[in-house]
Each structure stands twice: as C-alpha cells, then as structure tokens.
Amino acid sequence: SPFPFIVRDIALWVPEQTKPEEIKNIIKENSGELLTHLSLFDEFKKEGRTSFAFRLVFQSMELTLTDNEINDIMNKISSELRKNPDFQIR
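Everything numeric here is computed off the predicted structure, so don't read it as measured data. (Residues numbered from 1 in each chain as written. Predicted model: local features only at pLDDT ≥ 70, side-chain atom pairs only at ≥ 80, totals over all residues. Heavy atoms only, no water.)

A.B. asks: Please give an account of the packing of helix α1 (residues 20–31) against helix α2 (residues 67–82) that cites residues and values.
C.D. replies: Taken N-terminus to C-terminus, the directions of α1 and α2 make an angle of 135°; their axes are 9 Å apart at the nearest point. Comparing the axis directions of α1 and α2 gives the class oblique. Taken as a pair, α1 and α2 cross one another with a handedness that is right-handed. Residues Ile23, Ile26, Ile27, Asn30 and Ser31 of α1 form the contact with α2, whose participating residues are Ile73, Lys76, Ile77, Glu80 and Leu81. Its residues assigned to classes, the contact of α1 with α2 comprises six nonpolar, two polar and two charged. (Axes fitted to C-alpha atoms, helices over the stretch in contact; angles between N-to-C directions. Helix = DSSP H or I, 4+ residues; strand = E, 2+ residues; numbered from the N terminus. Parallel < 35°, antiparallel > 145°, perpendicular 65-115°, else oblique. Left-handed = near helix turned anticlockwise from the far one by under 90°. Contact = heavy atoms within 4.5 Å. Nonpolar A, V, L, I, M, F, W, Y, C, P; charged D, E, K, R; others polar.)

Following this line, the structure appears as structure tokens:
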C-alpha cells in the first residue's frame, strides 16, 4: 500500500492454560479489515498466570489512517477482552 501503517501493542494477563490463539481470535474478530498483521511478541508466566503481548499492524489500501480511527478499534478490542473477568489488560 502507498499509505503508511500504524502499529499498536496490547498486553494482558490471562489464566495460565489460555492459549494465545484464543486472544488472537478475539482481536481479529474485533479489528475489522484494517488489521494487516497480528503477532505474539512476548510471553511469560508468573504466579499461575501468563502475560501475552501482541503487536497489531493496521493499514488501508485507500487512505491514510488516523490515530482516532485506530484508537476506536483498539478500544473495541479492549472492551471485548475485558468481558472475560479472567483477562487483565496491562
């Protein structure tokens, strides 16, 4: 795309048995078509919980995205993740 991309990270504590794919699915379901890349870049365990950190890359093929547009998407993702009482966004 000739238009710039925007990168955001999100990290959260989850129960130790949670698989990163569960979190990735929630992110994908709530990020829309502007999400072009999603990767797990950090994972560690402590006191029976796991911390996952994901990098999200957003880009449009039609226009330059604004911070507000991406912030709205990130808020939607965060809200959905918070619906699970066992997930704690860091």
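A.B. asks: Lay out α1 with the relevant residues and their values.
C.D. replies: For α1, with 12 residues, the first-to-last C-alpha span of 16 Å sits near the 16 Å given by 1.5 Å per residue. Every buried residue of α1 is listed here: Pro20, Ile23, Ile26, Ile27, Asn30 and Ser31. Taken down its axis, α1 places every buried residue within 125° of arc, on the same side. Residues of α1 that are buried in the fold lie against β1 (6–15), β2 (35–46), β3 (49–58) and α2. (Expected span 1.5 Å × (residues − 1). Buried < 20%, exposed > 50% of the residue type's maximum accessible area, 1.4 Å probe, protein only. Arc of directions from axis to C-beta.)

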